[in-house]
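One-letter residues, chain by chain:
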Amino acid sequence: MARLILSLDNQVLAEYNMTKERYTIGRLPDNDVRIDNPAVSGHHSLIINILNDSFLEDLNSTNGTYVNGKLIKKHALQHGDVITIGHHQLRFSDEQASETEQDEFEKTMVIPSSQQNAAMLAKAEAAADVAVAAVSDQAAVSNQAADSDQAAASQQAAASQQAAASQQAAASQQAADSQQAAGVAQVAAAVMLDPEDAAALDDGKKTAPAADKPVADKPVVSEPPAVEHAKTTVGVDPGTAPNALPLAKLQVLSGAFAGRELELTKALTTLGRPGIQVAAITRRAEGYYIVHVESGEKNDYPLVNGQAIGEQARKLIDNDVVQLAGVKMGFFAS
């Protein structure tokens, strides 16, 4: 049974099971699907169900009716179509048709184990192993370079810290010398001696004569503060810890099965048409890799983002476009 799912800003507002032949969509209360919004005409659109087919028609609305982003006048609805009316969306869902088409797509593009060439698949697995090893080696080199840069930065920071400590110690010693000189002058003034005699007195070489004024206490010279070196903690940053590999899928972008999706749940998924072009997608801990298996013509390799992958395995990343046996498919990591 077909359904309409009404939503606004990705929030589902209502669902309608399409059990009748005609469904009107609009702002007025007499519509089967009422959307109370000024951007929607009183009677905006009409859906007619004939046997297993559904047809959408715009009723000369002010703002128009859109399907999958395109302005339409009449349109034969397919499973997954998104109808935009004003600011609202209506998703057309026909689960029975979807299951039939999905099965047909998998029968056409997904090669069962009984038809797979074991030798070619072994070769594909070996190519994937080489690609994974190359990625691991590159990551190791990058990590080694990063460690070297970090060590150099740490050494530079230590040198800067040592220089700052030396400057601080010199400044503290200079301040102590200034305080000591001020103390000598203060002693001289207190006992009315020459500065040289006072200095000698301060060193304990002479005895101070009696005086009416008491001798000022010798100023206390504080020791330079100890330099506390910064402490570092070595550990793993949770923000950079690797996440589990998300489940990926392929979505058909062209041809009769446009919009169909295939979840890549197997360790090895073989796709294509034997005798024309076949490729395998392997699911590893490091990610998903596509490998050429065979083709009807020499050097006829699958394309990723318009470029042939060659004999080497190619790691797939989110939003890559794969072209295989004349079919374009989008790779989505989550």
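Because the structure is predicted, anything quoted here is derived from the model rather than measured. (Residues numbered from 1 in each chain as written. Predicted model: local features only at pLDDT ≥ 70, side-chain atom pairs only at ≥ 80, totals over all residues. Heavy atoms only, no water.)

Peer 1: Can you tell me about the side chain of Asn-49, naming the residues and giving the values?
Peer 2: Tracing the chain through its elements places Asn-49 in strand E5 (residues 45–50). There is a polar contact of 2.8 Å between the side chain of Asn-49 and the backbone oxygen of Lys-20. Apart from the residues lying within four places of it in its own chain, the contact partners of Asn-49 are Met-18, Lys-20, Glu-21, Tyr-23 and Ser-54. (Helix = DSSP H or I, 4+ residues; strand = E, 2+ residues; numbered from the N terminus. Polar contact = N/O pair within 3.5 Å; in protein donor to acceptor, adjacent residues only side chain to side chain. Contact = heavy atoms within 4.5 Å.)

Peer 1: So, the side chain of Ser-7: which residues are in play, and what are the values?
Peer 2: In this fold, Ser-7 is placed in strand E1 (residues 2–8). Excluding residues within four positions of it along the chain, Ser-7 makes contact with Val-12, Leu-13, His-88 and Gln-89.

Peer 1: I'd love a proper account of the nonpolar core, names of residues and values included.
Peer 2: In terms of nonpolar packing, the biggest core is built from 23 residues, with Ile-281 and Ile-290 touching the most fellow members. Put simply, the parts of the chain that give this core at least two residues each are strand E12 (249–252), strand E15 (277–284), strand E16 (287–295), strand E20 (321–324) and strand E21 (327–332). Excluding residues within four positions of it along the chain, Ile-290 makes contact with Ala-279, Ala-280, Ile-281, Val-304, Ile-309, Gln-312, Ala-313, Arg-314, Leu-316 and Val-322. In this structure, Leu-4, Leu-6, Met-18 and Ile-25 belong to the second largest nonpolar core, which totals 19 residues. (Core = buried A, V, L, I, M, F, W, Y, C linked by side-chain atoms within 4.5 Å. Buried < 20%, exposed > 50% of the residue type's maximum accessible area, 1.4 Å probe, protein only.)

Peer 1: Outline the pairing of strand E2 (residues 11–17), supporting the account with residue identities and numerical values.
Peer 2: Relative to E2, E1 runs antiparallel, the two being bridged by six bridges. Bridge assignment links Ser-7 to a residue of E2, and that residue is Val-12. Adjacent in sequence and paired antiparallel, E1 and E2 are bridged by two residues, among which Asp-9 carries a positive phi angle near 55 degrees. (Pairing = 2+ DSSP bridges.)

Peer 1: An account of the pattern of salt bridges is requested, with residue identities and associated values reported.
Peer 2: Scanning all chains against the criterion turns up five salt bridges. Between Asp-36 and Arg-34 there is a salt bridge whose closest N-O contact spans 3.9 Å. Across the pair Glu-261 and Lys-249 runs a salt bridge, and its minimum N-O distance is 3.4 Å. Here Glu-261 is found in strand E13 (residues 261–263), whereas its partner Lys-249 is found in strand E12, with twelve residues between them in sequence. Overall, Lys-249 belongs to the partly exposed group, its relative accessible area being 25%. (Salt bridge = Lys/Arg side-chain N within 4 Å of Asp/Glu carboxyl O.)

Any functional reading would require information that these geometric values do not contain.
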